[in-house]
Amino acid sequence: GNGLEGLQDLEVFWIAENLLTSLKGIELAPNIEEFNVSRNKLETIFGQLDRNTKLRVLNLSDNRISSFRNVLDLSKFSGLTDLAFSDPDWGDNPVCELSNFQTYVLYHLPALRTLDR
C-alpha cells in the first residue's frame, strides 16, 4: 500500500517537502481538514481530493501547479476557508503568475477568508 490505510480519522496532515508528484491514496484519509502539501512536485491536483470533502485549510504552495483548472476543481469544497498557492515560507506555483489569478480564485471560492499569505 501507500501507508495511508487505517487513517480514516486523520484531520491534520502535513506532507511538505516529499517530492510528491501525485496525491494518489489521499482518499483513504477522507476526514482531513488541514492539509499542507507544500514544496512537492505536484503539477495538478485535479480530481485527487474529491473524497476529502472536509478540507478547510489547504496549502499547495511551492509546487508546479500552472492551470486555473486546479482552482476550479477546488470550488466544490464549500468549507475551504484558507488556501495557499503562494506562501512566503514555501514559495509559489506557476499559476500565481497568470493574469487575474487572485480575482479568479476569489470569484470561484467565495468562502475563502485567506488566500495566500
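These numbers come from a predicted model, not from an experiment.

S.K.: An account of the overall build of the protein is requested, with residue identities and associated values reported.
M.R.: Helices and strands together make up the secondary structure of the protein, namely two helices and five strands. Ordering the α and β elements of the protein from the N terminus gives β-β-β-α-β-α-β. Its C-alpha radius of gyration of 13 Å places the protein within 12% of the 13 Å reference for a compact globule of 117 residues. Judged by the C-alpha coordinates and their principal axes, the protein covers about 40 × 30 × 25 Å. The buried share of the protein, taken over its 117 residues, is 44%. A separation of at least 24 residues holds for 48% of the contacts in the protein among residues at least 6 apart in sequence. Accessible surface, the protein as shown: approximately 6,300 Å² in total, 49% of it carbon and sulfur. Side chains of the protein carry 11 positive and 17 negative charges; the gap between the two charge centres is 3 Å.

S.K.: Describe in detail the layout of surface pockets, supporting the description with residues and values.
M.R.: Roughly 190 Å³ of volume is contained in the largest pocket. The set of elements that each furnish at least two residues to the lining of the largest pocket consists of β2 (34-36), β3 (57-59) and β4 (82-84).

S.K.: Please give an account of the nonpolar core that cites residues and values.
M.R.: Counting residues in each nonpolar core, the largest one holds 29 residues, and the members touching the most others are Phe35, Leu49, Leu58, Leu60, Leu74, Leu83 and Phe85. Put simply, the parts of the chain that give this core at least two residues each are α1 (68-74) and α2 (101-108).

S.K.: Summarise the pattern of salt bridges; cite the residues concerned and give the values.
M.R.: This structure, assessed with the given rule, holds eight salt bridges. Taking the shortest distance from any N to any O, the salt bridge between Arg56 and Glu33 comes out at 3.2 Å. Remark: Glu33 occurs in the loop between β1 (12-14) and β2 and Arg56 occurs in the loop between β2 and β3; sequence separation between them is 23 residues. Look at Arg56 and you get partly exposed, because its relative accessible area is 36%.

Basis of the calculations
Residues numbered from 1 in each chain as written. Predicted model: local features only at pLDDT ≥ 70, side-chain atom pairs only at ≥ 80, totals over all residues. Heavy atoms only, no water. Helix = DSSP H or I, 4+ residues; strand = E, 2+ residues; numbered from the N terminus. Rg over C-alpha atoms; globule rule 2.2 N^0.38 Å. Buried < 20%, exposed > 50% of the residue type's maximum accessible area, 1.4 Å probe, protein only. Contact = heavy atoms within 4.5 Å. Areas by Shrake-Rupley, 256 points an atom, 1.4 Å probe, with all protein chains shown as cover. Lys, Arg positive; Asp, Glu negative; His and termini not counted. Charge placed at Lys NZ, Arg CZ, Asp CG, Glu CD. 1 Å grid on protein atoms, 1.4 Å probe; cavity = no way out; pocket = protein on both sides within 12 Å on 5 of 7 lines; lining within 4 Å. Points joined across faces, edges and corners; volume = space filled by probe spheres on them. Core = buried A, V, L, I, M, F, W, Y, C linked by side-chain atoms within 4.5 Å. Salt bridge = Lys/Arg side-chain N within 4 Å of Asp/Glu carboxyl O.

In short, geometric facts, not functional conclusions.
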